[in-house]
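Summary of the model geometry
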Amino acid sequence: MKRLLLGTLFFGLGSLSTQAQNILITDADYDQANPIDCNVFNDGTIQNFFDSGNTGADYGPNENDTLVICPDPGTGSKVSIAFATNAGYTWNVDATDTVYVYDGPSTAAPLLGAINSATHPTGATFQASFANNPSGCLTVVFVSDGMTEASGWDGNVTCGNPPQPFEAHMVAYINGDIAGGNDMIPVDTGYVDVCPGDSVMFIAAPLFPYDTSITGTGYDQINNHDVEWSFSDGTTAIGDTAWFVPGAQQGYLVTLAVSDHFPQTEYLIAKVRVSTTPDFSTCMPLEDTVCLNASTQLIGGITATDTAGVDPTQSSIIIGGTFAGLTYLPDGSGQNYSTDVNISGFPAGLTIANASDIKNLCITIEHSYLGDLEMTLTCPNGTTTNIFNSFTGNGLMPGGFGGGSTFLGQAYDANIGNPGVGWEYCFYDGAPNPAWVNGYTTVPVTTPSNGQSVQAGDYEPEQTFADLVGCPINGLWTITVRDNLGQDDGYIFEWGICFDPALNPNTETYAPQIVSEAWLPNSDLSGGLDTALVATPSTLGDNFYTFTVTDNFGCTYDTTINVYAIPGASIMDDTIACDMTHQMVNTVSAEGGIWTQLSGPGISAYSSNATDDNPMVTVSENGLYLYGYIGNQCGDTSMVSILYYNDPGAVILDTLICDGDTYVMDVEQSTPSTYQWFFDGSPLVGATGPSYGATAAGDYMVVVQNVCNATQDNAIVTTDPCIINIPNVFTPNSDGINDFFVVDGLDIYKDTYLRIYNRWGQLVYEKQDYQNDWDGTNMNGSKVADGTYFYILDATRPFTNELQNYQGTVNIFENN
């Protein structure tokens, strides 16, 4: 029913305020020149905003009223408006009439909503935004036609200082070198890679774009926020700057928490990785003893066996994710409010196997009326499970246990927009307390409002987490909360989901990559300063060579190896051979020696005796062979590599392509080769590479030749226009003419998928691998009515496997 609207006078010391506590849609604007006092409009439990009707009367026909409501920036930054159906509220706007709410001081501002009792049966809540609305005003337009009037609304207007969004940022400087720039890659949540002995200076750099010093309203965040640091070695710090000195060659988590006084907290998690000493065990000479002035190969190699895990801060750390921050749950709109946390770092493809894989879902929340709340958890593949459902009406989920006026946490029950004190509630299978649908314990609270609140603790979810079996762990996890009734609100301060550590006990491993490596200059070395080169010791006895590496963390390590020189034989250089035979040449050894095969894919046979200086060698199969010649004088082994070439191979395949497509034929060889491509028997000018892209139909041939032999192959390429023609009418009257929905050209396409919708958007027919066989029946086998239908056809183009989508309408006649 309607209320009698009375203005209220407020008296102060020698001053008089005449601003009414009740607002009519027909009032003069409360614009920025005449704003409302947020010290007056600060009670979210009363009805103070009404339509044009008097007590007991409906609003009138053909109304078109516009009202601007702005906050006094000295008392509040944002206006909120609530329309609801419970607790004394009235919401009865006919479906032919509409309330429009705009996010700003005029109708030129963005539209937040157009509502009536048909579109929003339980009402809606609107708050001036931060991103688009520095004024904090809302503009309300009410339009009624001359058909049907109703009793209108008894709503609520409040204003105040809601939580101001801000951004947490941090930078890192190795050894405090600010001039060198931020060493965290990527910014804010990336890695700081350091060498042993380095320290890191972390600096918090939050941004407060809506601070009172910038906007002239709201509250002070720049001078009134807290910064806390925690490191996975157990150390903590407070303040904008924190120094961290890693104690070991391993990884560390760095957690930054920035909180304003609201309180709302933004988290960032970064990682410090300390370079690990590489394993030089593969850095060695092929022979550690050689004849003087004889050569040996020095090999500088690194094996990445020294990996280090990133230690979690504590056992309940969210592996690979972050806590979701502050989320406001507005009053009674019946809308869904969601907040996400992104999980990463688990092995690819790992899924939930049983309910115990989810250790817990914990949420810090306050709300002043449990009876209208619902909450669900959705995993990355879209599967949803019910955490609790207290709303007995038609909400997000059916049913509801009816929690009534019970609080969650220490709720603020007398206002809209101000946070109370959040309590932590954790949900998991096997928790010591039952799901709330089966009862719960309440405790009295007195601040900031009097009430009974569900005791903080651990509870079973209403539906088991076993419903999430098969969900991928990596990805976006979402909690969704719906507030269905008016005169209450709340906040989610933070939430997180923790998984069984046994699923990924190390969380993350890393191994620094070697980015440069070289032998230090030495006159004995040849072949450049690459990782593998030749050493020819020039001094009898010990000859020392130093190998140095630098990793991608910028850290340098080295090792020294020794080649001992004794007074010896020389053999031929590495070479290439064909036909699986080769004549050894240029062997010089004062006292002779013996040949031996050191490695290779087959077996070598010598034409005479392996003790001949230059035998003929025949191998059982082609490939790379390493031979050694052991000189009798030094006992050292001189080595030569001989690559026995395979004959070239070339295989190209017949294929069908669509007009405009390119069929790339590739016959690249592992050995140096020449190529020539032909089309219909004629050489293609300039086509001398290992691959060629065919676009026209015809006979293609390629000739491949290396130092040993030549080969060729050909392929027949055919083309097709690949054009799909879709009819716009067919008559499935069983007369043998045009009885099916036939798509011309579909036969060369694959993975076809047809969906048919009626004019109301309802799916009446669908089929995977559509074969031009729809005869106008629906999925139940019944004939559909004559008329116009919308089709969506997906088809995969041949050869390119490109998914193409076709949409349009088709008319059905004579479907009988």
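Cut-off values and rules
- Per-chain numbering applies: the sequence of each chain, read as written, is numbered from 1 onward.
- Totals for whole chains, interfaces and linings use every residue, but because this is a predicted model, local features are given only for residues with pLDDT of at least 70 and side-chain atom pairs only at 80 or more, for both listing and counting.
- Water and hydrogen atoms play no part in the side-chain values, which are based on all heavy atoms of the structure.
- Helix and strand assignments come from DSSP, with helices taken as H or I runs of at least 4 residues and strands as E runs of at least 2, each series counted from the N terminus.
- The cut-offs for exposure are 20% and 50% of the maximum accessible area for each residue type, with area from a 1.4 Å probe on protein chains only; residues under the lower value are buried, those over the upper are exposed, and the others partly exposed.
- Surface accessibility follows the Shrake-Rupley procedure with a 1.4 Å probe radius. Residue values consider only the protein chains on display as shielding.
- Throughout, a residue-residue contact means that at least one pair of heavy atoms, one from each residue, lies within 4.5 Å.
- For the purposes of this analysis, a disulfide is any pair of cysteine sulfur atoms at a distance within 2.5 Å.
- Nine residue types can take part in a nonpolar core, namely buried Ala, Val, Leu, Ile, Met, Phe, Trp, Tyr and Cys, and a core is a set of them joined through side-chain atoms within 4.5 Å.
- Whether two strands pair comes down to DSSP finding at least two bridges between them.
- Interaxial angles span 0 to 180 degrees and are taken between N-to-C directions of axes, which are lines fitted to C-alpha atoms, for helices over the stretch in contact.
- Whether two aromatic rings pair depends on their centres lying within 6.5 Å, for rings of Phe, Tyr and Trp, where Trp uses its six-membered ring; planes under 30 degrees apart make the pair stacked, over 60 edge-to-face, and the rest tilted.
- By the criterion applied in these results, polar contacts are pairs of N or O atoms within 3.5 Å in which, for protein atoms, one can donate a hydrogen and the other can accept it, and in which residues neighboring in sequence qualify only through two side-chain atoms.
- What pLDDT conveys is the predictor's confidence in a given residue, as a value from 0 to 100.
- When a carboxyl oxygen of Asp or Glu lies within 4 Å of a side-chain nitrogen of Lys or Arg, that pair is called a salt bridge.

With that settled, consider the overall build of the chain. In terms of helices and strands, the chain carries 1 helix and 61 strands. Counting all 816 residues of the chain, 47% fall into the buried class. If you sum the accessible surface of the chain, you get close to 35800 Å²; carbon and sulfur atoms cover 50% of it.

What follows concerns the environment of L268. With respect to the helices and strands, the residue L268 is situated in strand 20 (residues 265–274). What makes L268 buried here is its relative accessible area of 10%. Separated by 98 residues in sequence, L268 and M170 have C-alpha atoms that sit 8.0 Å apart. The residues contacting L268, other than those within four sequence positions of it, are A168, H169, M170, D188, T189, V254, T255 and L256.

Further remarks concern the state of the cysteines. Among covalent bonds in proteins, the disulfide is the one between the sulfur atoms of two cysteines. All chains considered together, the criterion is met by 7 disulfides. Between C658 and C722 runs a disulfide, and the two sulfur atoms are separated by 1.9 Å. One disulfide, between C658 and C722, carries an S-S torsion of -85 degrees and so falls in the left-handed class. Remark: C722 occurs in the loop between strand 56 (710–720) and strand 57 (729–730) and C658 occurs in strand 50 (residues 655–658); sequence separation between them is 64 residues. What makes C658 buried here is its relative accessible area of 0%.

Looking now at the side chain of R755. Examined against the element boundaries, R755 turns out to sit in strand 58 (residues 750–757). Given the relative accessible area of 13%, R755 is considered buried. In this structure, R755 is in contact with L763, Y765, E766, F790, Y791, I792 and D794, ignoring residues within four places of it in sequence.

Generally speaking, a soluble globular protein has its nonpolar side chains buried in company with each other. Counting 44 residues, the largest nonpolar core has V192, F202, W229, L298 and W519 as its most contacted members. Counting residues in each nonpolar core, the second largest holds 40 residues, with F346, A355, I387 and F401 among its members.

One open sheet accounts for 4 strands, arranged 26-35-28-29; its pairing is antiparallel. Of all the strands in the sheet, just strand 26 (336–343) and strand 29 (384–389) have a single pairing partner and so form its edges. Across the sheet, the mean angle from the axis of one strand to that of its neighbour is 20 degrees, orientation sign disregarded. In this structure, strand 28 (residues 373–378) lies alongside strand 29, joined through 5 bridges in antiparallel fashion. Note on strand 29: the bridge partner recorded for T378 is T384.

To continue, consider the pairing of strand 49 (residues 637–644). Burial of strand 49 is one-sided: the residues S638, V640, I642 and Y644 facing one way are buried, the residues T637, M639, S641 and L643 facing the other way are not. Where strand 43 (residues 575–577) meets strand 49, 3 bridges bridge the pair, whose relative direction is parallel. The residue of strand 49 that forms the bridge with I576 is L643. Relative to strand 49, strand 48 (residues 623–631) is paired through 8 bridges, and the arrangement is antiparallel. When the bridges of strand 49 are listed, L626 appears paired with S641. Count of turn residues in the strand 48/strand 49 antiparallel hairpin: 5 residues, of which G635 carries a positive phi of about 75 degrees.

Let's shift gears to the packing of aromatic side chains. By the definition in use, this model includes 35 aromatic pairs. Geometrically, the ring pair formed by F202 and F231 is tilted, given 6.0 Å between the ring centres and 45 degrees between the ring planes. Placement of the pair is F202 in strand 15 (residues 200–204) and F231 in strand 16 (residues 225–231), with a sequence separation of 29 residues. Residue classification places F202 among the buried residues on the basis of a relative accessible area of 0%. Judged by its relative accessible area of 2%, F231 is buried. Among the aromatic side chains, those forming a connected cluster through ring pairs are F388, F401, Y425, F427, W436, Y440 and Y459.

I185 connects to P186 through a cis peptide bond whose omega is -10 degrees. Geometrically, the link from T447 to P448 is a cis peptide bond, its omega value of 0 degrees lying close to zero. Tracing the chain through its elements places P448 in the loop between strand 32 (442–445) and strand 33 (451–454). With a phi close to 55 degrees, C722 is a non-glycine residue in the positive phi region.

On to the side chain of D794. Among the secondary structure elements, D794 is positioned in strand 60 (residues 787–796). A polar contact of 2.5 Å, which involves the side chain of D794, links it to the side chain of R755.

Once that is clear, we can look at the environment of D72. For D72, the location among the structural elements is in the loop between strand 5 (64–69) and strand 6 (78–83). Residue D72 is classed as partly exposed on the basis of its relative accessible area, which comes to 28%. Sequence spacing of D72 and P35 is 37 residues, and the spatial spacing of their C-alpha atoms is 5.0 Å. Residues within four places of D72 in sequence aside, it is in contact with P35, I36 and C38.

Our next topic: the confidence of the model for the chain. This prediction gives the chain a mean pLDDT of 86; 90% of its residues lie at or above 70. Under a pLDDT of 50 for its full length, residues 1–19 has, in the predicted model, 42 contacts with residues more than four places off or in other chains. Confidence over residues 303–322 falls short of pLDDT 50; this stretch has 60 contacts with residues more than four positions distant or in other chains.

On to the pattern of salt bridges, then. For the coordinates displayed, the defined rule picks out 4 salt bridges. We note a salt bridge from R273 to D193, for which the minimum N-O separation is 2.8 Å. Of the two residues, R273 sits in strand 20 while D193 sits in strand 14 (residues 191–194), which places them 80 residues apart along the sequence. Across this residue pair, the class does not change: R273 and D193 are buried. Across the pair R797 and D661 runs a salt bridge, and its minimum N-O distance is 3.1 Å. With R797 in the loop between strand 60 and strand 61 (803–812) and D661 in the loop between strand 50 and strand 51 (663–666), this residue pair connects regions lying 136 residues apart in the sequence.

Mapped onto the elements, F50 comes out in strand 4 (residues 49–50). Spatially, the C-alpha atom of F50 lies 4.9 Å from that of L24, the residues being 26 residues apart in sequence.

If you trace the 4 strands from one edge of the open sheet to the other, you get 22-42-41-38, paired in mixed fashion. Unpaired on one side and paired on the other, strand 22 (289–291) and strand 38 (514–519) mark the two borders of the sheet. Direction aside, neighbouring strands of the sheet carry axes that sit 30 degrees apart on average. Two elements, strand 38 and strand 41 (residues 541–551), share 5 bridges in a ladder whose sense is antiparallel. When the bridges of strand 41 are listed, S516 appears paired with T550.

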